[in-house]
Amino acid sequence: MKIYEKAPAKINLLLDVLRKREDGFHEVEMIMTMVDLADRLEMYELPRDQIVLSSHAGFIPLDEKNLAFQAARLIKDRCGVERGVYIHLDKQIPVAAGLAGGSSDAAATLRGLNRLWGLGLSVRELEALGAELGSDVPFCIRGGTAIATGRGEKLESIESPPQCWVVLAKPPINVSTADVYGKLRAAEIERHPSIPGMVDAIRRQSFQDVCAGLGNVLESVTLPKYSEVRQIKEVMTKLGADGVLMSGSGPTVFGLVSKESKVSRIYNGLRGFCKEVYVVRLLT
Ligand SMILES: C[C@](O)(CO)[C@H](O)COP(=O)(O)OP(=O)(O)OC[C@H]1O[C@@H](n2ccc(N)nc2=O)[C@H](O)[C@@H]1O
Ligand SMILES: Nc1ncnc2c1ncn2[C@@H]1O[C@H](COP(=O)(O)OP(=O)(O)OP(=O)(O)O)[C@@H](O)[C@H]1O
């Protein structure tokens, strides 16, 4: 039997940091949602007790450094499964982009192997396993739109924002999440974006207020350091995107756009100097 899972990318509509914790992680408050840019995973059982991962993407590890591999090993060990699995990963989400590609692959692997091996784990149990792999993994299991607190693993689902186009632009630079959090001085953050404001805007399905409420305090670290990210933000805004924000720790910038007529102008304007541009929809 073959199992197929989709692993969609996430964007952070809001990312606030409250403080640095004793364990080195940061206490965050985020609103996350999924977009319809997704990796695809195919899984089937192997007779021998081994995990084999393949992908045509040449730029990701295929051993225990890969989050999908780690997810397979974790669920296998925890549930005492003595059979093996072959996982093929069709990578569509840009790597190290701030779109949680690796986390979503890990989440899809946990969901898929739960089905393949008939383990009967609940979504909550899968989320708890996911939290051992990374802060974004529980949200990637849950999907939809959620408020994420703690280090990102405590989730409260909320309704989806109003449907719109999402233009994603990733400059060709690598940004380390650990490095960005490491450079943030949480006590010195001047403006905290408002979670209640964004939740209210979503409840009222006000696209304009969702755009006005976007905020990510990690921009204060990434933007001064990388002119490419600043430039993409400026160009997207000038080209008429309704709301523009960096996702996660960057470097991808997303633009929310309500009118289809504006989308191709924004796409073409960005393609002039940024190779990786995607036009997608929210996964509502
Ligand atoms: C930037 C975001 O992607 C926004 O959704 C997440 O906050 C980060 O999620 P992630 O990539 O799954 O992060 P993890 O793999 O758990 O952690 C990577 C590194 O980021 C830092 N980190 C991450 C999450 C958090 N709440 N505080 C942190 O300080 C830690 O240094 C950690 O070593
Ligand atoms: N399945 C995977 N897909 C992509 N990268 C992976 C995967 N597993 C491990 N990695 C490694 O993890 C690093 C981060 O990749 P990823 O695409 O998950 O970052 P990200 O989108 O910035 O994540 P986040 O938004 O959660 O911080 C890369 O350096 C990559 O080599």
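Quantities reported herein were computed from a predicted structural model and do not represent experimental measurements.

## A few points about the overall build of the chain
A count of helical and extended segments in the chain gives ten helices and eleven strands. Its C-alpha radius of gyration of 19 Å places the chain within 12% of the 19 Å reference for a compact globule of 284 residues. Overall, the C-alpha framework of the chain stretches about 55 × 40 × 35 Å when taken along its three principal axes. Looking at the chain alone, contacts between residues at least 24 apart form 71% of all its contacts between residues at least 6 apart.

## Here we look at the UniProt feature "active site" (unreviewed entry) in the chain
The sites that carry the UniProt feature "active site" (unreviewed entry) are, in the present numbering, Lys10 and Asp136. Taken together, the annotated residues stretch across 127 residues yet fold into one region, lying no more than 9.1 Å apart by C-alpha. Positionally, lysine 10 belongs in strand S1 (residues 2-20). As for its placement among the helices and strands, aspartate 136 is situated in the loop between helix H3 (123-131) and helix H4 (137-142). Classification of aspartate 136 by C-beta neighbours within 10 Å gives buried; the count is 28. Once residues within four sequence positions are removed from consideration, aspartate 136 is found in contact with Lys10, Ala100, Ser103 and Gly152.

## Brief notes about the environment of arginine 230
On the secondary structure map, arginine 230 appears in helix H9 (residues 227-238). Exposure remark for arginine 230: the 17 C-beta atoms within 10 Å place this residue in the partly exposed category. C-alpha separation for the pair arginine 230 and serine 135, spaced 95 residues apart in sequence, amounts to 26 Å.

## A word on the site of ligand 2
Contacts to ligand 2 come from 20 residues, most closely from Leu67, Ala100, Gly101, Gly102 and Asp105. Where the shell around ligand 2 is concerned, the elements lending two or more residues are helix H1 (67-78) and helix H2 (101-116). Taken together, the residues of the shell around ligand 2 sort by class into nine nonpolar, eight polar and three charged. Here the shell around ligand 2 gathers at least three residues from each of two domains, domain 1 (2-158) and domain 2 (165-281).

## Concerning the UniProt feature "binding site: ATP" (unreviewed entry) in the chain
UniProt feature "binding site: ATP" (unreviewed entry): in the numbering of this structure it lies at Pro94, Val95, Ala96, Ala97, Gly98, Leu99, Ala100, Gly101, Gly102, Ser103 and Ser104. Examined against the element boundaries, alanine 100 turns out to sit in the loop between strand S4 (84-90) and H2. Take alanine 100: there are 30 C-beta atoms within 10 Å of it, and that puts it in the buried class. For alanine 100, the contacting residues outside a window of four places in its chain are Ala9, Lys10, Asp136, Cys140 and Gly248. Examined against the element boundaries, glycine 102 turns out to sit in helix H2. Note on glycine 102: 28 C-beta atoms within 10 Å, which makes it buried.

## Quick word on the packing of H9 against helix H10 (residues 260-271)
Packing of H9 against H10 leaves a shortest axis separation of 9 Å and a crossing angle of 150°. Along this stretch, H9 crosses H10, giving a crossing that reads as right-handed. Taking contact as the criterion, the partners of Ile232, Val235 and Met236 in H9 are, on H10, Ile266, Gly269 and Leu270. For the contact of H9 with H10, the residue count by class is five nonpolar, one polar and no charged.

## Quick word on H9
Across its twelve residues, H9 extends 16 Å between first and last C-alpha, which sits within 8% of the 16 Å expected from 1.5 Å per residue. Listed in full, the buried residues belonging to H9 are Val229, Ile232, Val235 and Met236. For H9, the buried positions fall inside an angular range of 130° around the axis, keeping them on one side. Of the exposed residues in H9, those oriented more than 90 degrees away from the buried face are Ser227, Glu234 and Lys238. Buried residues belonging to H9 abut strand S7 (165-170), helix H8 (219-225), strand S9 (243-246), strand S10 (253-257) and H10.

## Concerning the sheet that holds strand S11 (residues 276-281)
Pairing within the open sheet is antiparallel, and its four strands lie in the order S9-S10-S7-S11. Strands with a single pairing partner mark the edges of an open sheet, and in this sheet they are S9 and S11. Across this sheet, the average inter-strand angle for adjacent strands is 20°, counted without regard to direction. Both S9 and S10 contribute to a ladder of four bridges, which runs antiparallel. Note that in S10 the partner of valine 244 across the bridge is glycine 255. In the packing of H10 onto the sheet, the strands contacted are S7, S10 and S11, and the crossing angle to S7 comes to about 5°.

## Side note on the confidence of the model for the chain
Reading fine detail from the predicted coordinates is not recommended where pLDDT is low. Scored by pLDDT, the chain comes out at a mean of 97, with 100% of its residues at no less than 70. Model confidence for the complex: the whole-complex pTM is 0.97, and ipTM, which rates the interface, is 0.97.

Calculation criteria
Residues numbered from 1 in each chain as written. Chains lettered and ligands numbered in written order. Predicted model: local features only at pLDDT ≥ 70, side-chain atom pairs only at ≥ 80, totals over all residues. Helix = DSSP H or I, 4+ residues; strand = E, 2+ residues; numbered from the N terminus. Rg over C-alpha atoms; globule rule 2.2 N^0.38 Å. Contact = placed C-beta atoms within 7 Å. UniProt positions renumbered as here; feature names shortened; annotations may be inferred. Buried ≥ 20, exposed ≤ 12 C-beta atoms within 10 Å, placed from the backbone. Near = placed C-beta within 6 Å. Nonpolar A, V, L, I, M, F, W, Y, C, P; charged D, E, K, R; others polar. Domains from an automatic or database assignment. Axes fitted to C-alpha atoms, helices over the stretch in contact; angles between N-to-C directions. Left-handed = near helix turned anticlockwise from the far one by under 90°. Expected span 1.5 Å × (residues − 1). Arc of directions from axis to C-beta. Pairing = 2+ DSSP bridges. pLDDT = per-residue confidence, 0-100.

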